[in-house]
Each structure stands twice: as structure tokens, then as C-alpha cells.
Amino acid sequence: MQRTAGKELALAPLQDWGEETENGAVYSVSLRRQRSQRLSPGEGPRDSQAPSPNANAFLHYRTSKVRALRAARLERLVWELVSGDTQQDPSFVPAFLATHRAFVATDRVLGLLLPPPPPPLPPWVEIKKTEGQDLSFNKNLRAVVSVLGSWLRDHPQDFWDPPAHSNLGSVRTFLGWAAPLGTEALVAEKLLGDFLEEAEQEQEEEEQPQAWAVLPETAQTPSPDSQEGCLEEEEKLVQEGPELLDFSIDEVAEQLTLMDAELFLRVRPWECLGSVWSQRDRPGAAGISPTVRATVTQFNTVTGCVLGSVLGAPGLAAPQRAQRLEKWIRIAQRCRELRNFSSLRAILSALQSNPIYRLKSSWGAVSREPLSTFRKLSQIFSDENNHLSSREILSQEEATDELQEVDTPPGSLPSKLPPGPVPYLGTFLTDLVMLDTALPDMLEGDLINFEKRRKEWEILARIQQLQRRCRGYCLSPRPPILATLRAQRQLSEEQSYRISRVIEPPAASCPSSPHVRRRISLTKRLSAKLSRERGSSPGGSPGDPSSPTSSLSPGSPPSSPRTRDPPPRSPPASPGPQGPSTKPPLALTLSCPRIPVVGQQGLEVRVIRVSINNDHGNLYRSILLTSQDKAPSVVQRALQKHNVAQPWACDYQLYQVLPGDRELLIPDNANVFYAMSPAASGDFMLRRKEQPWHTASVSPT
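The model shown is predicted, which means the values in this text are computed figures rather than measured ones.

Scoring rules and cut-offs
- Residues numbered from 1 in each chain as written.
- Predicted model: local features only at pLDDT ≥ 70, side-chain atom pairs only at ≥ 80, totals over all residues.
- Heavy atoms only, no water.
- Helix = DSSP H or I, 4+ residues; strand = E, 2+ residues; numbered from the N terminus.
- Buried < 20%, exposed > 50% of the residue type's maximum accessible area, 1.4 Å probe, protein only.
- Contact = heavy atoms within 4.5 Å.
- Areas by Shrake-Rupley, 256 points an atom, 1.4 Å probe, with all protein chains shown as cover.
- Core = buried A, V, L, I, M, F, W, Y, C linked by side-chain atoms within 4.5 Å.
- Pairing = 2+ DSSP bridges.
- Axes fitted to C-alpha atoms, helices over the stretch in contact; angles between N-to-C directions.
- Parallel < 35°, antiparallel > 145°, perpendicular 65-115°, else oblique.
- Nonpolar A, V, L, I, M, F, W, Y, C, P; charged D, E, K, R; others polar.
- pLDDT = per-residue confidence, 0-100.
- Salt bridge = Lys/Arg side-chain N within 4 Å of Asp/Glu carboxyl O.
- Phe/Tyr/Trp six-rings, centres within 6.5 Å; stacked < 30°, edge-to-face > 60°.
- Lys NZ or Arg CZ within 6 Å of the ring centre and 35° of its normal.
- Expected span 1.5 Å × (residues − 1).
- Left-handed = near helix turned anticlockwise from the far one by under 90°.

J.: What is the right way to read the overall build of the chain from this model?
T.: Per the secondary structure count, the chain includes 24 helices and twelve strands. Looking at the 701 residues of the chain, the share that counts as buried comes to 47%. Restricting the contact set of the chain to residue pairs at least 6 apart, pairs at least 24 apart contribute 73%. Working note: accessible area of the chain is about 35,800 Å², and carbon and sulfur atoms make up 53% of it.

J.: Hey, could you run me through the nonpolar core in this one?
T.: General note: in soluble globular proteins, nonpolar side chains tend to be found buried as a group. By size, the foremost hydrophobic cluster in this structure holds 72 residues, and its most contacted members are I347 and L351. The leading source of residues in this core is helix 11 (residues 290-311), at nine residues.

J.: Help me out: how do you make sense of the pairing of strand 9 (residues 652-658) in this one?
T.: In regular strands, side chains alternate between the two faces of the sheet. The element strand 9 is extensively covered by neighbouring structure, given that seven of its seven residues are classed as buried. Side chains of strand 9 alternate between two faces, with Y652, L654, Q656 and L658 and Q653, Y655 and V657 buried alike. Two elements, strand 9 and strand 10 (residues 662-666), share five bridges in a ladder whose sense is antiparallel. Across the sheet, the residue bridging to Y655 is L665, located in strand 10.

J.: I tried to follow the packing of helix 9 (residues 249-266) against helix 20 (residues 479-487) on my own but got confused; where do I start?
T.: When two helices pack together, their arrangement is captured by the angle between the axes and the distance separating the axes. It is at 10 Å that the axes of helix 9 and helix 20 come closest, and there the two elements cross at 75°. Classed by the angle they form, the pair helix 9 and helix 20 counts as roughly perpendicular. Note on element contacts: helix 20 touches helix 9 through I481, L482, L485 and R486, opposite E251, Q255, L256 and M259. Here the residues of the contact of helix 9 with helix 20 sort into five nonpolar, one polar and two charged.

J.: Teacher, can you tell me more about the environment of D16 here?
T.: Tracing the backbone shows D16 in strand 1 (residues 14-22). Residue classification places D16 among the exposed residues on the basis of a relative accessible area of 68%. In this structure the C-alpha to C-alpha distance between D16 and S28, which are twelve residues apart in sequence, comes to 7.9 Å. If sequence neighbours within four positions are ignored, D16 has contacts with V29 and S30.

J.: Just checking my understanding: could you explain the side chain of D89 for this structure?
T.: With respect to the secondary-structure elements, D89 resides in the loop between helix 1 (74-83) and helix 2 (92-99). Under the relative-accessibility criterion, D89 is labelled buried at 10%. Excluding residues that lie within four positions of it along the chain, D89 makes contacts with R67, A68, L69 and R454.

J.: Help me understand the confidence of the model for the chain in this model?
T.: Atomic detail in the predicted coordinates should be set aside for any region of low pLDDT. When pLDDT is averaged along the chain, the result is 74; 67% of the residues meet or exceed 70. Mean pLDDT in the chain bottoms out at strand 6 (residues 595-597), which sits at 40, and peaks at helix 9, which reaches 96. Segment residues 1-9: pLDDT under 50, and eleven contacts once partners within four positions in sequence are set aside and those in other chains are kept. Every residue in residues 692-701 is under pLDDT 50, and counting partners more than four places away or in other chains gives 20 contacts.

J.: I tried to follow the pattern of salt bridges on my own but got confused; where do I start?
T.: Oppositely charged side chains can form a pair if their charged atoms are brought close together. Applying the stated criterion across every chain, the model contains 26 salt bridges. With a shortest N-O distance of 2.8 Å, R67 and E20 are connected by a salt bridge. Remark: E20 occurs in strand 1 and R67 occurs in strand 3 (residues 58-72); sequence separation between them is 47 residues. One salt bridge connects R609 with D683, and the closest N-O pair in it is separated by 3.3 Å.

J.: For this particular structure, what's the right way to read the packing of aromatic side chains?
T.: Each aromatic ring pair is summarised here by two numbers: the centre-to-centre distance and the angle between the ring planes. Within this structure, the stated rule accounts for ten aromatic pairs. With centroids separated by 5.9 Å and ring planes inclined at 70°, the aromatic side chains of F96 and F103 adopt a geometry described as edge-to-face. Residue classification places F96 among the buried positions, given a relative accessible area of 0%. An angle of 75° between the planes, with centres 6.5 Å apart, marks the rings of F381 and Y424 as edge-to-face. One end of the pair, F381, is in the loop between helix 16 (368-378) and helix 17 (388-406); the other, Y424, is in the loop between helix 17 and helix 18 (426-438), and 43 residues separate them in sequence. Assigned by exposure class, F381 and Y424 land together as buried. An aromatic cluster is defined as three or more aromatic residues linked by ring pairs; in this entry it consists of F92, F96, F103 and F450. Between R67 and the ring centre of Y27, over which it is positioned, the NZ or CZ distance is 3.9 Å. Over the ring of W270 we find R101; its NZ or CZ atom is 3.7 Å from the centre of that ring.

J.: Just to check I follow, could you spell out the environment of P242 for this structure?
T.: Tracing the chain through its elements places P242 in the loop between helix 8 (227-238) and helix 9. Note on P242: relative accessible area 53%, which makes it exposed. Residues P242 and I481, spaced 239 residues apart in sequence, show a C-alpha to C-alpha distance of 9.2 Å.

J.: Would you mind going over helix 2 with me for this structure?
T.: For an α-helix, the turn length of 3.6 residues means that residues three or four places apart are oriented alike. Taken across its eight residues, helix 2 has seven buried, putting it largely inside the fold. Residues of helix 2 that are buried include every one of F92, V93, A95, F96, L97, A98 and T99, and no others.

J.: Explain the side chain of E326 to me, please; I cannot follow it from the model alone.
T.: Turning to its location among the elements, E326 is positioned in helix 12 (residues 318-337). The buried category is assigned to E326, whose relative accessible area is 10%.

J.: So what exactly am I meant to see when it comes to helix 18 here?
T.: Given a rise of 1.5 Å per residue, 13 residues ought to cover 18 Å, and the 18 Å separating the end C-alpha atoms of helix 18 matches this to within 8%. In terms of burial, helix 18 is a largely internal element, 13 of the 13 residues being buried.

J.: It is not clear to me how the packing of helix 9 against helix 11 should be interpreted in this structure. Could you clarify?
T.: Closest axis-to-axis distance for the helix 9/helix 11 pair is 8 Å, and the angle between their directions is 160°. Relative to helix 11, helix 9 is oriented roughly antiparallel. Considering only the axes of helix 9 and helix 11, their crossing is left-handed. Contact residues: helix 9 offers L256, M259, D260, L263, F264 and R266, while helix 11 offers T291, A294, T295, Q298 and V302. The residue makeup of the contact of helix 9 with helix 11, split by class, is six nonpolar, three polar and two charged.

See the structure below:
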């Protein structure tokens, strides 16, 4: 039987083999298949300079063993930085440097990494040049210098420790005797100069407050509760100065893109880690993740500008308000052309929010073309398939840039790549928070779970790659537009809804929207993602996507109105953004995949989100729910996540949020895993037992 020459076998190039332990460290072992060309009989080495397929040639495969560190103690991890085989595990060093702040401080790593300086020689001993060269080329020192070079280049903010910058001082001292003439020493010196210059600039900015930071007095006064007072206040808003919509579509979109790109470039990837970002609301944590908070603030500012411009001037007629809607749709379209997905998501979130979405008369006056554009843009962040569309589009944008780089012929001038894209950062924040919730930090034997850090690094590496591409924007700031954007008065959610009801009072046959709106569950896709990476999908359906895309930031914009169930007897020909032909969202009916817990055989788990009904808003916190968890333990862990005193756990009742503004009451001492509805989302609400509620509760039978 003849076999076609050069035909490869359809075998996986990398196969999992198992684990092995060495000096207390756990390694995952894989077998890598590599192809090598065998010469046919009669061919000699002189013919091998130009190998070509031959009818008598055959393929030869060789298998090599590949090890990757999975778990170890801190000392072993630091030892691996210097003594590890980068050919075997090339991702270890970048993954450690990018995620180490989640489990250890920088100064402790440096204490274990930097060797002590050599003892001083007696004064009568002459230092020969060759001795210094031998010292600089010592294998271990060379590895330490290489690690420090990557660290200084890729994560310079790890050494920011004002005013003394002691960590950077330790690095400079080491490089001064280990590699005084190397590029690493020059980078360290330049970084120190940049830090000192940055500190001087911050001090000057504090001494000279910005003029735009002083808002009008009307923007600082609390709004009255009455609708008449709200109307008067909003009429004053129109007379304060130029509105953002007074500028052209291109100008507004370009300035939004300029601001988003600058803020995204300043993001420190390690601040996005779930273990860091999830601590933002704890007491005394106001300074955590400042660069990420800045992007969240900008996102909420854009959303507030859309709400303020559409809902401002309540006396406008429906056609006039429709013109404002159309202009914001065109601005969103221009943001899409500029590949600014952050402001695009912010504008769409505002237009889809309940205060604007319910204005049926205004939407009915919107022209067909902008309404069609709005529907197409909304599909980018559609709730269907768990927001998979936005991820695919972002990946396509990146793939297009890579193809243009590859297709450039050698010797020719490289074609100018389009700048961006500027991603919606909430996508990555959600992934990282879910990773931190689903995977343990420590494994049995007090070993650091480095496999978790590798998965986090994959997300952080993509953020860094997108940051490098955002440097291509060539946009000039327009101070009048920026000042108008910053001076735009922000309406609270309650204010926006009251003004909306004044503009279009609710019909007698259509019940008013509830005060607290449900949000789609965003925490049930991680297990499918992890399972798919291992080549299996336990518990979830084959088509379950795995990538949530909504921000977990405080003050996040209201959820899309498409996640709300339509009120009964609503008009069939609603001119709203969803349109009569849009299918209902699938995310409400997808079941949560179940994943095994590390170290616990046969134990099923789900990632759920629990919010608490209080005066600080309904912020969700992710919790890993096992099949052994009873209601009191779930309530206690949820209160701990929300920084509420633990002794009050008995005063709270747990409810599962169901479609149609209904709730499922979880009885005390019930097994939450089996008491919850598997067909509904994994969103839960904690409420005080004596607190009345207007929605219908369903007791399990």
C-alpha cells in the first residue's frame, strides 16, 4: 500500500502527559511532536542545501518532553526566573513579572532575586579587567540581569515607590557592580529620572488647579424631589453654555477617541487583575487601580453626556429630540470607524438605557437610516450568545492589522496601519475577576497556583498588545470640546428616570418600569472557556460561549433595555432601538456550566453574582457556589465581599433574580446549589428580612 509522499498525520502537536514533582514544585508535562525531513536512499548531504519534496522521501517525527511550572512556593518561583529553561517554558518569566503583585510584593521578589555584592578586595590587590569581565559573564548574574532588563522595560511602574524609590535603588546598586556598562543600567538610570520628573509635574499640577474643575454652583446643588423642580433645574442646564452636540460629529468622535486612547495607554495592566480590581470598594482602598478608575470615569462621563443632552430641555418636541438621538447615533458610527469601542459602548449603553429607551415618541421620529445604523451597532455588543459578537469583531480588527504587517513585501516601505483599536476595558476586567473567583490562589501544600497566573497573563498580554497599537492615533486636542465634555452635568439614574417620565408619562395600560432594574448574569461563561482550553466542555452545551464583556466597575451604566422583559400589552410597533423583528436575548435562558473544583473530586460548582440592596447601589460580587453550600454560608460570604459586618448575616434573605421582575426566595438552611432555578441567570439579591419589596416572590415547592 503506497502512501502519498510528504503527507502529515493528523495528530495533535502537543499532548498532555501528566504531572511530575521536583523539589516541592509541580510541573505539567506535555509531549511535543516535531517534524523532521528524512532523505531518500541515494541522497547525500550535499543535496540537503535545497530540500524539496521527493517521491521517495518520507516524514519523520520526533517527540520531546516539555515541562511547565504549575505550582510551587515563592522561593522556587524566583529560582525558576534565573535557572529555568526558557526554551522549555518561554512564558514563565513574562507571566511572573506581569502577575507577581497579586501574591507577593516587589521588594520581596527583589530580596530573593538579587545576590549580595561581592566582598571588597584588599586595597593592595589590583583588579584586573579580565576579572571584571568574568564576573559580568557569570551565568547566574547574566540571567538576573536579563530578568531585570525585561522587568524594567515591560513593567516600569512596579518600581514606582516615591519619594525614595528604594526598589529601583536596589536594582541600580546591583547593576552598578554586575553590569555597569550594560543597557539595563542605562534603562534604570533613565527610569529614575523619569520618576523624579513625573513627581515634579504632579506637584506643579496640584499647586495650579485646573479651571475646568470648578463647576457651576447649579451642578453642585442637590436636585429637588419634585418633577417641577427637576424641570427647572434642567432648563438652567441648557443655558449654562455650549452643548456637546453643538460641535460637529467628527470633532466630538475624534476628541472622545483621543481621550479614550490616552487613558487606555496609561492603564497599568496589573491593576486589572481580579484580586486587585475586586478590592476597589473596600474601606481605605480609594487609591487602588487609579488608571483603571480613570477609564471607568471617562466611560461614565460619556454615558452621562448622552443622557444629559437627550433628556435635557424637557420641553423639546419629539422631532427635535429625535434629531439629538440621530446625531448621537452618527457619533457612535464615527467612533466605530475610528475603532474606538470604548466610547461606542458608552454611547450605546446610554441610548439603550431605560430613561431614553422608553421615549417611544422620540424614537418614532428617528429616520430610517440612523435607526438601521443604530441596530447594526447594537449587534456589536448584543446580549445574544453572551456578548460573543464584540469579541469576534475585536479579534478581526487585530487580525486585519497582522495580515497587513505580514503582506508587506520585503524591501518596501511598510504600509501605515490604522490606529487602534481602543477596546472596551470592561471585557478584560470581567474575565480577570471571574478567573480570580473561579481558580484558587493556593493549592495543597501552600503552593502558589501559577497555572492561574498564566491564564491571567494571557489576558494582560493582550491588553499590552492593544496598548502598543493605540499609539498610532494622530489627533489634536480641541480645548473647547474637552471643556464642554468635562463641564457636562451628570444626571443620576433616579434623575434621568424622573425626567424621562416627565417627557413621556407612562401610559395607563403600561406599567412603569421598576426602580431597580435587573442585570444579565455575566459570571457563567468562564468554566466553558477553561474547559474548551482543555479540549472538553463539561456541563455546558457545546454552543455555550465563554466570554463575558461587561464591566464590573462601580457606577457602571444601566443595562441594555433588551435585557428587560417587555411589559404586557405594550404597543407591537414600538419605534424603540430593538425593533419588532429582534429576537429575544438568549442569555436569559442559558444554563450555567458546572466545573470541577481543584482538589475536590466530584464536587460541582457555579459562579454566581450577588448584589445587596442598600443605599450604595446594586453592585454585584462574584462568588464560587459549590454543591455543598447552604444559604447561611452563601449570605455570609456575600456580605464579606460587600464589606458588611458578618454578625448581620442572619438579618438578610437571599433571592434569585428571575425573568419578568420575579424573584425566587431561597429558604434559610437550604442548599442554594439545588434550590436555585437552573434555567435562570446566576444573579442573586440580598435583602434585609424586614424590608418590604414590590416584586413578586416565588417560593420553591
